[in-house]
Amino acid sequence: MTAPLTPTPRFGYGKPDAHCDFCSRTRNPHPDFDEPIPTALLTTASGRAVELCLSCYEHERDAAILSTATLAQRLDQKISTKDSLGPSLKPNKHKSV
């Protein structure tokens, strides 16, 4: 059985402090848009607030549809894993080529 769908959150555009808690993007990667990334605040199953970009939200939403876990449960699992791994998930900006 698949998890029930949740309503689509309202995404904010043009927020100067926008930041995706999953992919860490702050700017819209689309070449036609020079603006902050659109984000929405979602609540995990444990009640944590998570800010997601549209791309990460759609990825997690689609994965939840195929899963027995709800979207809120998946968000909890993913943010807990990211917190556990800490800095090891952050891109190395000083990596030599």
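Nothing here was measured: the structure is a model prediction, and the numbers come from that model. (Residues numbered from 1 in each chain as written. Predicted model: local features only at pLDDT ≥ 70, side-chain atom pairs only at ≥ 80, totals over all residues. Heavy atoms only, no water.)

Chemist: Give me the confidence of the model for the protein: which residues, what numbers.
Modeler: Taken residue by residue, the protein gives an average pLDDT of 83. The fraction at 70 or more is 82%. Contacts for the low-pLDDT stretch residues 93-97, under 50 throughout, to residues beyond four places or in other chains number zero contacts. (pLDDT = per-residue confidence, 0-100. Contact = heavy atoms within 4.5 Å.)

Chemist: Lay out the pattern of salt bridges with the relevant residues and their values.
Modeler: According to the stated counting rule, one finds six salt bridges in the structure shown. Residue R27 pairs with D34 through a salt bridge whose shortest N-O separation is 3.0 Å. Given a relative accessible area of 42%, R27 falls into the partly exposed group. Residue classification places D34 among the exposed residues on the basis of a relative accessible area of 74%. R74 serves as the salt-bridge partner of E60, at 3.1 Å between the closest nitrogen and oxygen. Highlighted residues: E60 in helix α1 (residues 54-65) and R74 in helix α2 (residues 71-85), separated in sequence by 14 residues. The network of salt bridges with shared partners includes E60, R74 and K78. (Salt bridge = Lys/Arg side-chain N within 4 Å of Asp/Glu carboxyl O. Buried < 20%, exposed > 50% of the residue type's maximum accessible area, 1.4 Å probe, protein only. Helix = DSSP H or I, 4+ residues; strand = E, 2+ residues; numbered from the N terminus.)

Chemist: Residue-level account of the packing of aromatic side chains, with values.
Modeler: For the structure shown, the criterion picks out one aromatic pair. Relative to Y57, the ring of F11 has its centre 5.6 Å away and its plane inclined at 65°; by these criteria the two rings are edge-to-face. Here the residue F11 occupies a position in the segment before β1 (39-43), and Y57 occupies one in helix α1, the gap between them amounting to 46 residues. (Phe/Tyr/Trp six-rings, centres within 6.5 Å; stacked < 30°, edge-to-face > 60°.)

Chemist: Can you break down unusual backbone geometry residue by residue, with the values?
Modeler: Positive phi, close to 65°, is recorded for S24, a residue that is not glycine. In this structure, S24 sits in the segment before β1. Taking relative accessible area as the criterion, S24 reaches 33% and is therefore assigned partly exposed.

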